[in-house]
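# Residue-level structure breakdown
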Amino acid sequence: MKKIFTLSLLAIASLSFAQSFQITLDKKVVSGTTITQKIYPDAKTIIDFGITNKSNVAKQYKVTRTLISPAKVGDGYDIYFCTGNRCYGPNDTVVFVSDTIGIEAGAVLPIPGDGNSYGILTHFNAGPGACVDHVVSYKIWDIEKPTDFAEVKINYTCSTGIKGYDLGDISPGYPNPAKGLITIDYNLKNAPKNAKVVFYDMLGKMVKETPIVNQQGAVKINVADLHTGFYFYNFIVDGKTNNARKLIISAN
């Protein structure tokens, strides 16, 4: 009986310290860890974290983004993120806190099939010639109980090589600027199981996605439905991403 009582106390203690939120990357739990991510001059780096409300009640949460080292955004860098259904533009505040977002009991963000929902979609954009290591943390926390939180840190490390995985030969989209169809020629190293071209606006919101079926060929994408302005796009193959490229949509 004494052993049972002791185990019960341990179970209660464990429950009292249980955290409601969980942060994932590629379906792996990364809460409480540091992710190392290479950065490249004149390139955009996106990390798409998922978040889960593991509790049995709805939560109101905020996300705090903290610049740890250096405690500032240098010239030529943009650091920002999206969460819930909102994106926040580049901000050089050392500690930036999101608006309050709601998440249902047991819910997962981003919502599958909903391109307007986000877990924590992080952006790190380095301008031409900009390459300095940064450490940035993202913490999701319950506004009614700030000690109930999950956090992940990103260690951005400078690299002067070519950004992204070596997926094969992938041409820039052309013509650029564009107003109708663009073409991307590609010859992948391996036959893809899940490949696509994903377009993002300047705030990092996904605005278009086109599937890729073959290992090589030329994919033609109609961008006439995009508003005039600047966009970024990635070629994503089986979870691996090549360097982000810029596309200009022209009015004429």
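Thresholds, definitions, all that
Residues numbered from 1 in each chain as written. Predicted model: local features only at pLDDT ≥ 70, side-chain atom pairs only at ≥ 80, totals over all residues. Heavy atoms only, no water. Disulfide = S-S within 2.5 Å. Buried < 20%, exposed > 50% of the residue type's maximum accessible area, 1.4 Å probe, protein only. Pairing = 2+ DSSP bridges. Helix = DSSP H or I, 4+ residues; strand = E, 2+ residues; numbered from the N terminus. Axes fitted to C-alpha atoms, helices over the stretch in contact; angles between N-to-C directions. Core = buried A, V, L, I, M, F, W, Y, C linked by side-chain atoms within 4.5 Å. Contact = heavy atoms within 4.5 Å. Patch = residues over 30% accessible without salt bridge, like charges linked within 9 Å, V, L, I, M, F, W, Y side chains within 5 Å. Areas by Shrake-Rupley, 256 points an atom, 1.4 Å probe, with all protein chains shown as cover. Salt bridge = Lys/Arg side-chain N within 4 Å of Asp/Glu carboxyl O. pLDDT = per-residue confidence, 0-100. Polar contact = N/O pair within 3.5 Å; in protein donor to acceptor, adjacent residues only side chain to side chain.

## So, the state of the cysteines
- Scanning all chains against the criterion turns up one disulfide.
- Residue pairing for cysteine 82: its cysteine sulfur links by disulfide to cysteine 87, the two sulfurs lying 2.0 Å apart. Across the S-S bond of cysteine 82 and cysteine 87 the torsion is about 105°, and the bridge reads as right-handed.
- The class for cysteine 82 is buried, based on a relative accessible area of 0%.

## Overview of the sheet that holds strand E14 (residues 168-170)
- With antiparallel pairing, the three strands of this open sheet are ordered in space as E14-E15-E18. Of all strands in the sheet, those bounded by a partner on one side alone are E14 and strand E18 (216-222). When the angles between neighbouring strand axes are averaged without regard to direction, this sheet yields 15°.
- Here strand E15 (residues 181-188) pairs with E18 via seven bridges, running antiparallel. Following the sheet pairing, threonine 183 is matched in E18 by lysine 220.

## Looking at the nonpolar core
- Counting residues in each nonpolar core, the largest one holds 32 residues, and the members touching the most others are Ile23, Phe49, Tyr61, Tyr138 and Ile140.
- With four residues, strand E13 (residues 145-158) is the single largest residue contributor to this core.
- Here isoleucine 23 is in contact with Lys28, Val29, Val30, Ser31, Phe49, Gly50, Ile51, Tyr138, Ile140, Ala150, Glu151 and Val152, once residues within four sequence places are set aside.
- Grouped together as the second largest cluster of nonpolar side chains are 21 residues, Ile170, Ile221, Phe235 and Val237 included.

## A closer look at the environment of glycine 168
- Within the secondary structure, glycine 168 is located in strand E14.
- Not counting residues within four places of it along the chain, the set of residues in contact with glycine 168 comprises Asn187, Leu188 and Lys189.

## Some points on a nonpolar patch on the surface
- Taken together, the side chains of Val94, Val95 and Val97 define a hydrophobic patch exposed on the protein surface, amounting to about 200 Å² of accessible area.
- Within the secondary structure, valine 97 sits in strand E8 (residues 95-97).

## Focus: the pairing of strand E19 (residues 229-237)
- Of all nine residues in E19, eight are buried; the element is thus mostly enclosed.
- Where strand E16 (residues 195-200) meets E19, six bridges bridge the pair, whose relative direction is antiparallel. Residue pairing for E19: phenylalanine 199 is matched across the bridge by tyrosine 233.
- Here E19 runs beside strand E20 (residues 240-241); their pairing, made up of two bridges, is antiparallel.

## Quick word on the confidence of the model for the protein
- Summarising the model, the protein shows a mean pLDDT of 84, and 87% of its residues fall at 70 or more.
- Below pLDDT 50 for its whole length, residues 1-16 participates in one contact with residues either more than four positions away or in separate chains.

## Concerning the side chain of lysine 59
- In this structure, lysine 59 sits in strand E5 (residues 59-69).
- Engagement of the side chain of lysine 59 in a polar contact is seen with the side chain of aspartate 142, the distance being 2.9 Å.
- Lysine 59 has contacts with Ser20, Phe21, Asn53, Ile101, Gly102, Ile103, Asp142 and Asp148, leaving out every residue within four places of it along the chain.

## Some remarks on the environment of glycine 84
- Locating glycine 84 in the fold gives a position in strand E6 (residues 77-84).
- The class for glycine 84 is buried, based on a relative accessible area of 6%.
- In sequence terms glycine 84 and isoleucine 101 are 17 residues apart; their C-alpha atoms lie 6.2 Å from each other.

## A look at the pattern of salt bridges
- Inspection of every chain in the model, using the stated rule, returns five salt bridges.
- A salt bridge links aspartate 142 to lysine 59; the shortest N-O distance between them is 2.9 Å. Of this pair, aspartate 142 sits in strand E12 (residues 134-142) while lysine 59 sits in strand E5, and the two are 83 residues apart along the sequence. Lysine 59 matches aspartate 142 in its accessibility class, with the two residues each being buried.
- As a salt-bridge pair, aspartate 148 and lysine 59 come within 3.8 Å of each other at their nearest N and O atoms. Placement of the pair is aspartate 148 in strand E13 and lysine 59 in strand E5, with a sequence separation of 89 residues.
- On the accessibility criterion, aspartate 148 (4% relative accessible area) is buried.
- Taking relative accessible area as the criterion, lysine 59 reaches 13% and is therefore assigned buried.
- Among the ionic contacts, a cluster of salt bridges with common partners joins Lys59, Asp142 and Asp148.

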